[in-house]
Amino acid sequence: KTSNVSVFQYRRLKPELDRLTQAILDLNKNHFGFNLHETNDNEFINYNEYGVDGQYEWHSDESVYGASDIKLTAVMNISTDAYEGGEYQLFLNGELTIPQLKKPGTAIVFISSIQHRVTPVIKGTRKTISHWVTGPKLC
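Residues numbered from 1 in each chain as written. Predicted model: local features only at pLDDT ≥ 70, side-chain atom pairs only at ≥ 80, totals over all residues. Heavy atoms only, no water.

## Concerning the side chain of Asn48
Relative to the assigned elements, Asn48 resides in strand β2 (residues 46–50). Of note is the side chain of Asn48, whose polar atom sits 2.9 Å from the side chain of Ser130. (Helix = DSSP H or I, 4+ residues; strand = E, 2+ residues; numbered from the N terminus. Polar contact = N/O pair within 3.5 Å; in protein donor to acceptor, adjacent residues only side chain to side chain.)

This is how it looks when you write it as structure tokens:
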């Protein structure tokens with residue numbers, strides 16, 4: 001189950017989202033070097049909730065805008081209770097599990113064209129927010 005975060009939830013999470021946005025911008029400046037569009041409070045954040053058997057198959061994040069590309073993907077764990085399964089994986093010369101993302105409050109930022117997935121949740125509920133940063137289309 002995924003959905004956009006409501007305005008109320010967004011306002012409640014705003015301090016964390018501001019820190020996440022600044023971390024994304026710092027990482028881009030120091031490691032990625034993409035030309036990014038300016039972020040603002042009108043952008044949506046995706047709320048992701050996975051119950052037992054919830055998963056997300058291999059995919060990359062594609063842009064829906066003709067004049068821009070999604071450059072970076074950020075995912076933050078906002079789970080309030082422990083869960084089993086629901087591992088976050090990237091595909092970089094094989095499957096790479098990111099165990100650090102199981103800790104609430106942790107985040108990962110990566111180039112959006114990298115394939116990634118969430119393995120099935122076995123017990124509990126996994127909750128994350130996802131945010132995408134765009135920039136001019138590479139053509």
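That covers the picture; the talk isn't over yet.
## Quick look at the side chain of His116
On the secondary structure map, His116 appears in strand β9 (residues 116–118). Looking at His116, its side chain comes within polar contact range of the side chain of Asp61, at 3.4 Å.

## Here we look at the packing of aromatic side chains
Scanning all chains against the criterion turns up three aromatic pairs. Seen from their ring centres, Phe32 and Phe34 are 6.5 Å apart, and the 20° between their planes marks the pair as stacked. Look at Phe32 and you get partly exposed, because its relative accessible area is 28%. With a centroid separation of 6.2 Å and an interplanar angle of 50°, the aromatic rings of Tyr88 and Phe110 are classed as tilted. (Phe/Tyr/Trp six-rings, centres within 6.5 Å; stacked < 30°, edge-to-face > 60°. Buried < 20%, exposed > 50% of the residue type's maximum accessible area, 1.4 Å probe, protein only.)

## Some points on the sheet that holds strand β3 (residues 56–59)
Read across the open sheet, the four strands follow the order β3-β9-β6-β7; overall the sheet is antiparallel. Edge positions in the sheet fall to β3 and β7 (95–97), since each has one partner strand and no second. Taken pair by pair, the neighbouring strands of this sheet meet at an average axis angle of 20°, ignoring direction. Sheet topology places strand β6 (residues 88–91) next to β9; three bridges connect them, and they run antiparallel. Paired with Tyr88 across the strands is Val118, a residue of β9. (Pairing = 2+ DSSP bridges. Axes fitted to C-alpha atoms, helices over the stretch in contact; angles between N-to-C directions.)

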